[in-house]
Amino acid sequence: NWNAGTDANNYNLSKTEGQLTVSNRKAKYEVTVVANSESKTYDGKELAVSGFENEEEGRGIPVVAANGKTYYVTGLTSEARGTDVSDSVASIPVNGTAIVKDAEGNVVTDDFNVKVTNGSLTITQRPLTVTAETKDDFVYDGTEKSVGYSITAGSLAEGQKEDGGGAPGAVR
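About the criteria used
Numbers given for residues are sequential positions, taken from 1 along each chain in its written order. Predicted model: local features are reported for residues with pLDDT of at least 70 only, side-chain atom pairs are reported and counted for 80 or more only, and whole-chain, interface and lining totals are derived from all residues. Derived side-chain values reflect all non-hydrogen atoms in the structure, with water molecules and hydrogen atoms excluded from consideration. Counting from the N terminus, the helices are DSSP H or I runs at least four residues long and the strands are E runs at least two residues long. All radius of gyration figures rest on C-alpha atoms, and the globule criterion is 2.2 Å times the number of residues raised to 0.38. Here's how the labels work: a residue is buried when its accessible area is under 20% of the maximum for its type, exposed when over 50%, partly exposed in between, all with a 1.4 Å probe on protein chains only. Note on contacts: a residue pair qualifies if any of its non-hydrogen atoms lie within 4.5 Å across the two residues. Note that accessible areas follow from Shrake-Rupley with a 1.4 Å probe, and for residues the cover is restricted to the protein chains shown. Counted charges follow a simple rule, with Lys and Arg positive, Asp and Glu negative, and His plus the chain ends left uncounted. Charged side chains are reduced to one point each, which is NZ for Lys, CZ for Arg, CG for Asp and CD for Glu. One speaks of a salt bridge when a side-chain nitrogen belonging to Lys or Arg is within 4 Å of a carboxyl oxygen belonging to Asp or Glu. A 3.5 Å cut-off defines polar contacts: any pair of N or O atoms within that distance qualifies, except that in protein one atom must be a possible hydrogen donor and the other a possible acceptor, and neighbouring residues in sequence count only when both atoms are side-chain atoms. Grouping buried Ala, Val, Leu, Ile, Met, Phe, Trp, Tyr and Cys residues that are joined through side-chain atoms within 4.5 Å yields what is termed a nonpolar core.

Time to look at the overall build of the protein. Secondary structure summary: the protein contains 0 helices and 11 strands in total. Element order for the protein, N to C, with α for helix and β for strand: β-β-β-β-β-β-β-β-β-β-β. For the protein, whose C-alpha radius of gyration is 33 Å, the value lies well above the compact-globule estimate of 16 Å for 172 residues. Considering only C-alpha atoms, the protein reaches an extent of 125 × 35 × 25 Å along its principal axes. For the protein, with 172 residues in total, the buried portion stands at 19%. Pairs at least 24 apart in sequence give 56% of the contacts found in the protein among residues at least 6 apart. Approximately 12,600 Å² of the protein is accessible, and the part contributed by carbon and sulfur atoms is 44%. Between the centroid of the 16 positive side chains of the protein and the centroid of its 25 negative side chains there is a distance of 5 Å.

Here's what the structure looks like:
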């Protein structure tokens, strides 16, 4: 194409055809998706965590490749739930097979190596200080003795109470 005002008749034009070869990338784009994590202090209620950081409803997990373009990863799941400290999960498994799509929805998985950073579910112990009464008026007589106590710092989780029977100071 010639610019306006340029007359091709003023030129003796010769041209040589070139060649353009497009091939698949040999090196895959490396991207990482990060599973969500949650933590709290024990409160007797269930804590649940699922999904991935920045996950978009209906699109997937956005990742930016080395070419500067945004792609979306789907096909993966990660979830855990727990109530007690013993339910904590240091590394929540990620299940499924990663599928990578470009912004137009075309599957381009073969061009990617998707790495995963597992999430965690952490329930920490609730702080509680129990102070026993001081009794100095017991004289040994071979019988079992007990003393009372009081909670002087912290509290039991909602719905939990001290056990009035059995061993003094037992909680449930």
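From this point on, the discussion continues.
Any two side chains of opposite charge can pair, so long as their charged atoms come close to each other. Counted by the stated rule, this structure contains 5 salt bridges. The shortest N-O distance in the salt bridge between lysine 45 and glutamate 158 comes to 3.6 Å. Linking lysine 45 in the loop between strand S2 (38-41) and strand S3 (47-50) with glutamate 158 in the segment after strand S11 (149-154), this pair joins segments that are 113 residues apart in sequence. Judged by relative accessible area, glutamate 158 falls into the exposed class, the value being 66%.

With that settled, the discussion passes to the side chain of aspartate 102. Inspection of the secondary structure assignment puts aspartate 102 in the loop between strand S7 (95-101) and strand S8 (112-117). Among the polar contacts listed, one links the side chain of aspartate 102 to the backbone nitrogen of glutamate 104, at a separation of 3.0 Å. Within the structure, the side chain of aspartate 102 is placed 2.8 Å from the backbone nitrogen of asparagine 106, a separation counted as a polar contact.

Next up on the list: the nonpolar core. Within soluble globular proteins, side chains that are nonpolar tend to cluster in buried spots. Counting residues in each nonpolar core, the largest one holds 15 residues, and the members touching the most others are Val33, Tyr71, Val73 and Phe112. Leave out the neighbours within four places in its chain, and valine 33 touches Phe52, Ile61, Val63, Val73, Leu76, Val114, Lys115, Val116 and Thr117. The next biggest cluster of nonpolar side chains, apart from the first, holds 8 residues, and it includes Val49, Ala80, Ile123 and Ala157.

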